[in-house]
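The chain contents come next:
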Amino acid sequence: MPKKKTNVNLINEYIEKITKDKKVSEGTINTYKNVGANLPFNLLSSQPTIIKKLKELYDNPNTLQLYLNMIILVRRHNEEETDKLIKFRNSLRDNIIETRKKKINELNNNLPEVEYIIEQLENSTGIRYIINYLMIKHALRNKDINLKFVKALPKNKTENYIMMKGKNILLNINSYKTEEKYGSKEINISNEKFIDEIKKMKLDDGDYLLTKKNGDKISNISTFNDKVLHLTIDKLGQNKIVKIMIKDLINNKSFDKLEQMSKDRGTSIDVLLKSYNLYNGDK
């Protein structure tokens, strides 16, 4: 009788399969591996056993859904039944909605007002100003901000670039979360202080905005995210900053600006209004 595969075996086989079919982020791969290494039951156990074990381990419906999604995909790859797991996952939706609304309400009550954010931005300088400006004015994610300064755009655009173009600054962003859907993004910036702060950095052709101590590009996602987080206002991070700005745009009915934020971020307005809207927790 063949030996039963371990979760690590099952996850590695599934990762190998999906990476052949499509591009998969490093974060997704790490999540799968962590789950496979830590779940105290086999992914090919009976469905009732898996449901029972998950309920014993986790109360948070979002966590349960995350694990169920992955378990279902791995089981499908191994041609195992998933009907009961899918039914259980579907039953979590109402709880997830209520949990999300509760968290949004709590977050809305604890976040600073937009006036404070703008004041802190204007009082900052250098790379701190640049990072926060790109989040506040253009809703950029951390990954978008991993920018390389160039004098001219290369023919093969595989990274995110920042360059002087006439009197303005041009961002050409090619490596970001939703790149496959929205393609290359271009953002023109004419803000005088932003341009001045970029010039003060005295970047050479090929330099990155944020670097390791030796000047090399930061390739490790966690290291880069941690560095960006510490540069954001009050260490709020881009997610919270964008939510504060979306709330302000809704308050002022600035729908043109909301549309521009949607385009710059590479996120549909529907997603902004659902996932980044602090009013979305109101009953």
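Below, the structure is looked at part by part. Just so you know, these numbers come straight off a predicted model, no measurement behind them.

A closer look at the overall build of the chain
Summing up its helical and strand segments, the chain has 14 helices and four strands in all. Looking at the 283 residues of the chain, the share that counts as buried comes to 42%. Restricting to contacts in the chain with at least 6 residues of sequence separation, those with at least 24 account for 60%. Within the structure as shown, the chain displays about 16300 Å² of accessible surface, and the carbon and sulfur contribution to it stands at 47%.

Some words on the pattern of salt bridges
Proximity of charged atoms lets side chains of opposite charge pair with each other. In this structure the tally under the stated criterion is eight salt bridges. Among the ionic pairs, Glu56 bridges to Lys52, the shortest N-O distance being 2.7 Å. Taken as a pair, Glu56 and Lys52 lie in helix H3 (residues 47-57) at a separation of four residues, close to a single helical turn. When its relative accessible area of 51% is taken as the criterion, Glu56 is described as exposed.

Examining the packing of aromatic side chains
Summed over the entire model, instances satisfying the criterion amount to four aromatic pairs. Aromatic pair Tyr133 and Phe194: ring centres 4.9 Å apart, planes at 40°, arrangement tilted. Taken as a pair, Tyr133 in helix H8 (residues 126-138) and Phe194 in helix H10 (residues 192-200) lie far apart in primary sequence, 61 residues in all. Comparing Tyr133 with Phe194, the two get one shared label, buried. In this structure an aromatic cluster arises from ring pairing among Tyr129, Tyr133 and Phe194.

Focus on the nonpolar core
Ranked by size, the top nonpolar core spans 44 residues in total, and within it Leu134, Ile169, Leu171, Ile189 and Phe194 carry the most contacts. No other element matches H8, which puts seven residues into this core. Excluding residues that lie within four positions of it along the chain, Leu171 makes contacts with Leu134, Leu140, Leu147, Tyr161, Ile162, Lys185, Glu186, Ile187 and Ile189. One finds Ile15, Val24, Ile29 and Phe88 within the second-largest nonpolar core, a separate group that totals 27 residues.

A look at the side chain of Asn7
Considering the arrangement of structural elements, one finds Asn7 in helix H1 (residues 7-21). Non-local contacts of Asn7, meaning those with residues more than four positions away in its chain, are made with Gly36, Leu39, Phe41, Asn42 and Leu43.

Structural notes on unusual backbone geometry
What you tend to see is this: most non-glycine residues have negative phi, and most peptide bonds are trans. Positive phi values are uncommon outside glycine, yet Asp234 reaches one of about 55°. Residue class for Asp234 comes out partly exposed when judged on its relative accessible area of 45%. The backbone of Lys235 shows a phi angle near 55°, a positive value even though the residue is not glycine. Counting through the fold element by element, Lys235 comes out in the loop between helix H11 (221-231) and helix H12 (237-251).

What about the packing of H3 against helix H5 (residues 83-91)?
Interaxial distance between H3 and H5 falls to 8 Å at its minimum, and their mutual angle equals 30°. When the axes of H3 and H5 are compared, the crossing they make is right-handed. On H5, the residues touching Gln47, Pro48, Ile50, Ile51 and Lys55 of H3 are Asp83, Lys84, Leu85 and Phe88. For the contact of H3 with H5, the class distribution of residues is five nonpolar, one polar and three charged.

Focus: the environment of Met201
Note that Met201 resides in the loop between H10 and H11. Filtering out sequence-adjacent residues up to four positions away, Met201 remains in contact with Ile127, Ile130 and Leu209.

As for the sheet that holds strand E2 (residues 160-165)
In spatial order, the strands read E1-E2-E3-E4; together these four strands make up an open sheet with mixed pairing. Only two strands of the sheet have a single neighbouring strand rather than two, namely strand E1 (147-149) and strand E4 (185-189). Looking at each pair of strands side by side, their axes are set apart by 25° on average, direction ignored. Relative to E4, strand E3 (residues 168-173) runs antiparallel, the two sharing five bridges. The residue of E4 that forms the bridge with Leu171 is Ile187. Where H8 meets the sheet, it contacts E1, E3 and E4, and its direction lies at approximately 105° from that of E4. Contacts from H10 reach E2, E3 and E4, with the element oriented near 80° to E3.

What about helix H4 (residues 61-77)?
Taking 1.5 Å of rise per residue, the 17 residues of H4 would be expected to cover 24 Å, and the 24 Å separating its terminal C-alpha atoms lies within 8% of that figure. Pro61, Leu64, Tyr67, Leu68, Met70, Ile71, Ile72, Val74 and Arg75 are the residues of H4 that are buried. Looking at where H4 begins, the residue whose side-chain oxygen comes 2.7 Å from the main-chain nitrogen of Asn62 is Asn60. Once H4 ends, the next one or two residues include Glu79, with phi positive near 55°.

Thoughts on H8
For H8, with 13 residues, the first-to-last C-alpha span of 18 Å sits near the 18 Å given by 1.5 Å per residue. Once H8 finishes, Ala139 follows within two positions and takes phi at roughly 55°, a positive value.

Rules behind the numbers
Residues numbered from 1 in each chain as written. Predicted model: local features only at pLDDT ≥ 70, side-chain atom pairs only at ≥ 80, totals over all residues. Heavy atoms only, no water. Helix = DSSP H or I, 4+ residues; strand = E, 2+ residues; numbered from the N terminus. Buried < 20%, exposed > 50% of the residue type's maximum accessible area, 1.4 Å probe, protein only. Contact = heavy atoms within 4.5 Å. Areas by Shrake-Rupley, 256 points an atom, 1.4 Å probe, with all protein chains shown as cover. Salt bridge = Lys/Arg side-chain N within 4 Å of Asp/Glu carboxyl O. Phe/Tyr/Trp six-rings, centres within 6.5 Å; stacked < 30°, edge-to-face > 60°. Core = buried A, V, L, I, M, F, W, Y, C linked by side-chain atoms within 4.5 Å. Axes fitted to C-alpha atoms, helices over the stretch in contact; angles between N-to-C directions. Left-handed = near helix turned anticlockwise from the far one by under 90°. Nonpolar A, V, L, I, M, F, W, Y, C, P; charged D, E, K, R; others polar. Pairing = 2+ DSSP bridges. Expected span 1.5 Å × (residues − 1). Polar contact = N/O pair within 3.5 Å; in protein donor to acceptor, adjacent residues only side chain to side chain.

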